[in-house]
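Here is what each chain is made of, one letter per residue.
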Amino acid sequence: QVQLVESGGGLVQAGGSLSLSCAASGTTSLINDMGWYRQAPGKQRELVALIASSGAKLYGLSVKDRVTISRDSRKSTIYVVMNNLKADDMAVYYCKAGTWDREEYWGQGTQVTVSS
């Protein structure tokens, strides 16, 4: 079992930056990748950024020029920074951990609101 604790989110000014972190606990040796996804009302959940245990990174097409993902392996924690936030970035952001045996664990989500 893997548990995820999300931090960050909230109200961000348009043009500002968003910082999110996600700490995993439990059987972290099972984790193959961790990432952040988001879901806006009426839209499908989409990838923001993901980092694999190998260090490989994957970014969502809609944010790839504005987002950076990093990790602290010792703490089983990932960090995402997104710059130049826009109204379209408003969504609930979710952390996900994928395991070697293809299980998925999701955080409870954190609301991000962009103010103009």
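One numbering rule holds for all chains: residues counted from 1, following each sequence as written. Under the rules for a predicted model, residues below a pLDDT of 70 receive no local features and side-chain atom pairs below 80 are neither given nor counted, while totals for whole chains, interfaces and linings still include all residues. Only hydrogens and water are removed before side-chain values are computed, so all heavy atoms of the structure are retained for them.

1. Notes on the overall build of the protein chain
For step 1, the next point in the chain: Along its length, the protein chain carries zero helices and eleven strands.
For step 2, the next point in the chain: Relative to its length of 116 residues, the protein chain is compact, with a C-alpha radius of gyration of 13 Å against a globular reference of 13 Å.
For step 3, the next point in the chain: Its C-alpha atoms give the protein chain principal-axis dimensions of about 40 × 25 × 20 Å.
For step 4, the next point in the chain: Classification of residues uses two cut-offs on accessible area relative to the type maximum, computed with a 1.4 Å probe and protein chains only: under 20% is buried, over 50% is exposed, and between them is partly exposed. Residues classed as buried in the protein chain amount to 43% of the 116 residues present.
For step 5, the next point in the chain: Considering only intrachain contacts with a sequence separation of at least 6, the fraction spanning at least 24 residues in the protein chain is 51%.
For step 6, the next point in the chain: Residue exposure ignores everything except the shown protein chains as possible cover, and the areas themselves are Shrake-Rupley values with a 1.4 Å probe. Carbon and sulfur atoms form 48% of the exposed surface of the protein chain, whose accessible area is close to 6400 Å².
For step 7, the next point in the chain: A distance of 5 Å separates the average location of the 12 positive side-chain charges in the protein chain from that of its 10 negative side-chain charges. Secondary structure elements follow DSSP: runs of H or I no shorter than four residues count as helices, runs of E no shorter than two count as strands, and numbering proceeds from the N terminus. Atoms considered for the radius of gyration are the C-alpha atoms alone. The globule rule reads 2.2 Å times the number of residues to the power 0.38. Residues are treated as being in contact if the distance between any of their heavy atoms lies within 4.5 Å. Asp and Glu are treated as the negative residues and Lys and Arg as the positive ones, with His and the ends of the chain left uncounted. Where a charge lies is defined by one atom per residue type: Lys uses NZ, Arg uses CZ, Asp uses CG and Glu uses CD.

2. Regarding the packing of aromatic side chains
For step 1, the next point in the chain: Each Phe, Tyr or Trp ring, with Trp reduced to its six-membered ring, pairs with another whose centre is within 6.5 Å; inter-plane angles below 30 degrees give stacked pairs, above 60 give edge-to-face pairs, and intermediate values give tilted ones. Enumeration over the complete set of coordinates arrives at two aromatic pairs.
For step 2, the next point in the chain: When the centroid spacing of 5.2 Å and the interplanar angle of 65° are considered together, the rings of Tyr37 and Trp106 count as edge-to-face. Of this pair, Tyr37 sits in strand E4 (residues 31-39) while Trp106 sits in strand E10 (residues 104-106), and the two are 69 residues apart along the sequence.
For step 3, the next point in the chain: Judged by its relative accessible area of 35%, Trp106 is partly exposed.
For step 4, the next point in the chain: Their ring planes at 85° and their centres at 6.4 Å tell us that Tyr94 and Trp106 sit as a pair that is edge-to-face. On the criterion of sequence distance, the pair formed by Tyr94 in strand E9 (residues 91-99) and Trp106 in strand E10 is long-range, its members being twelve residues apart.
For step 5, the next point in the chain: In this structure Tyr94 comes out as buried when scored by relative accessible area, which is 15%.
For step 6, the next point in the chain: Aromatic ring contacts, followed pair by pair, group Tyr37, Tyr94 and Trp106 into a single cluster.

3. Overview of unusual backbone geometry
For step 1, the next point in the chain: Phi angles above zero are rare outside glycine, and Ser76 is one such case at about 50°.
For step 2, the next point in the chain: Here Ser76 is to be found in the loop between strand E7 (67-72) and strand E8 (77-82).
For step 3, the next point in the chain: At Asn84, a residue that is not glycine, the phi angle is positive and equals roughly 50°.
For step 4, the next point in the chain: In this structure, Asn84 sits in the loop between E8 and E9.
For step 5, the next point in the chain: Among the residues examined, Asn84 registers a relative accessible area of 42% and is labelled partly exposed.

4. Concerning the side chain of Asp72
For step 1, the next point in the chain: With respect to the helices and strands, the residue Asp72 is situated in strand E7.
For step 2, the next point in the chain: Setting aside its immediate chain neighbours within four residues, Asp72 contacts Thr77 and Tyr79.

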